[in-house]
Amino acid sequence: MNKEDIITLEDNVEYIVLDTAELNHEKYLYCVSIDGEEMPTDEYKYFKEVNENGALYTEEVENQDIIEAITALFAASALESVTDEEQDV
């Protein structure tokens, strides 16, 4: 799964992937839920990408230690992106 991909959970709630990061050889996704018109809502979640026999699944991240670690990774990525944009001007 990559940035801007839309994932649908079992309860038919859709999320758009805002960013991805890797921690301990696991891929994590920072996502926001979207409404029926594909507009973002105020519900943000972290998911772990799971590859089982070639099929991709997601699991919501609930471990607080992992959440803190990946939050730092996503924040660093966002800061790097902003810095790169400022240097391009």
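**Student:** So what exactly am I meant to see when it comes to the pairing of strand 2 (residues 14-23) here?
**Tutor:** If a strand is regular, its side chains alternate between the two faces of the sheet. Of the strand pairs in this sheet, strand 1 (residues 6-8) and strand 2 are connected by three bridges, and their pairing is antiparallel. If you follow Ile-7 over to strand 2, its bridge partner there is Tyr-15. Connecting the antiparallel pair strand 1 and strand 2 is a turn made up of five residues, with Asn-12 showing a positive phi of about 65°. Where strand 2 and strand 3 (residues 26-34) come together, nine bridges link them in antiparallel fashion.

**Student:** Would you take a moment to explain the environment of Val-50 for this structure?
**Tutor:** Position of Val-50 among the secondary structure elements: in strand 4 (residues 40-52). In the structure, Val-50 is positioned 32 residues away from Val-82 in sequence and 30 Å away in space, judged by C-alpha atoms.

**Student:** What am I meant to see in the side chain of Ser-33 here?
**Tutor:** Position of Ser-33 among the secondary structure elements: in strand 3. Here Thr-41 takes part through its side chain, which lies 2.3 Å from a polar atom of the side chain of Ser-33. When sequence neighbours within four positions are dropped, the list of residues in contact with Ser-33 reads Val-13, Glu-14, Tyr-15, Met-39, Pro-40, Thr-41 and Glu-43.

**Student:** What is the right way to look at the sheet that holds strand 5 (residues 55-60) in this model?
**Tutor:** Ordered in space as 1-2-3-4-5, the five strands form an open sheet in which the pairing is antiparallel. Strands with a single pairing partner mark the edges of an open sheet, and in this sheet they are strand 1 and strand 5. Between one strand axis and the next, the sheet turns through 45° on average, direction left out of account.

**Student:** Help me understand the packing of aromatic side chains, please; the structure alone is not making it clear to me.
**Tutor:** Think of a pair of aromatic rings as described by two things: how far the centres are apart, and how the planes are tilted against each other in angle. The tally for this structure, following the rule as stated, stands at five aromatic pairs. Arranged with centres 5.2 Å apart and planes meeting at 75°, the rings of Tyr-15 and Phe-47 form a pair that is edge-to-face. Placement of the pair is Tyr-15 in strand 2 and Phe-47 in strand 4, with a sequence separation of 32 residues. Assessed through its relative accessible area of 2%, Phe-47 is described here as buried. Measuring from ring centre to ring centre gives 5.3 Å for Tyr-30 and Tyr-46, while their planes differ by 35°; the resulting arrangement is tilted. Remark: Tyr-46 occurs in strand 4 and Tyr-30 occurs in strand 3; sequence separation between them is 16 residues. Residue class for Tyr-46 comes out buried when judged on its relative accessible area of 16%. In textbook terms, an aromatic cluster arises when at least three aromatic residues are bridged by ring pairs, as seen for Tyr-30, Tyr-44, Tyr-46 and Phe-74.

**Student:** Any chance you could explain the pattern of salt bridges here in plain terms?
**Tutor:** Opposite charge on two side chains allows them to pair when their charged atoms are near. Going through the model one piece at a time under the given rule, you end up with three salt bridges. One salt bridge in this structure joins Lys-3 and Asp-19, with 3.7 Å as the shortest N-O distance. Residue Lys-3 is found in the segment before strand 1, and its partner Asp-19 is found in strand 2; the two are separated by 16 residues along the sequence. Taking the relative accessible area as the measure of exposure, Lys-3 reaches 48% and is therefore partly exposed.

Calculation notes
Sequence positions are assigned chain by chain, starting from 1 and proceeding in written order. Totals for whole chains, interfaces and linings use every residue, but because this is a predicted model, local features are given only for residues with pLDDT of at least 70 and side-chain atom pairs only at 80 or more, for both listing and counting. Only heavy atoms go into the side-chain values, all of them from the structure, while hydrogens and water stay out. Two strands make a pair as long as DSSP finds a minimum of two bridges between them. A run of DSSP states H or I qualifies as a helix once it reaches four residues; a run of E qualifies as a strand once it reaches two. Both are numbered from the N-terminal end. Counted as a polar contact is a pair of N or O atoms within 3.5 Å, where, for protein atoms, one must be capable of donating a hydrogen and the other of accepting one, and residues adjacent in sequence contribute only when both atoms are in side chains. Any two residues whose heavy atoms approach within 4.5 Å at even a single point are treated as in contact. Note on definitions: angles span 0 to 180 degrees between N-to-C directions of axes, and those axes are lines fitted to C-alpha atoms, for helices only across the stretch in contact. Pairing of aromatic rings covers Phe, Tyr and Trp, the last through its six-membered ring, and needs centres within 6.5 Å; plane angles under 30 degrees mean stacked, over 60 mean edge-to-face, and all others mean tilted. Whether a residue is buried, partly exposed or exposed follows from its accessible area with a 1.4 Å probe, protein chains only, as a fraction of its type maximum: under 20%, in between, or over 50%, in that order. Basic side-chain nitrogens of Lys or Arg form a salt bridge, by our definition, when they fall within 4 Å of a carboxyl oxygen of Asp or Glu.

Everything listed is a geometric property; what it means functionally is a separate question.
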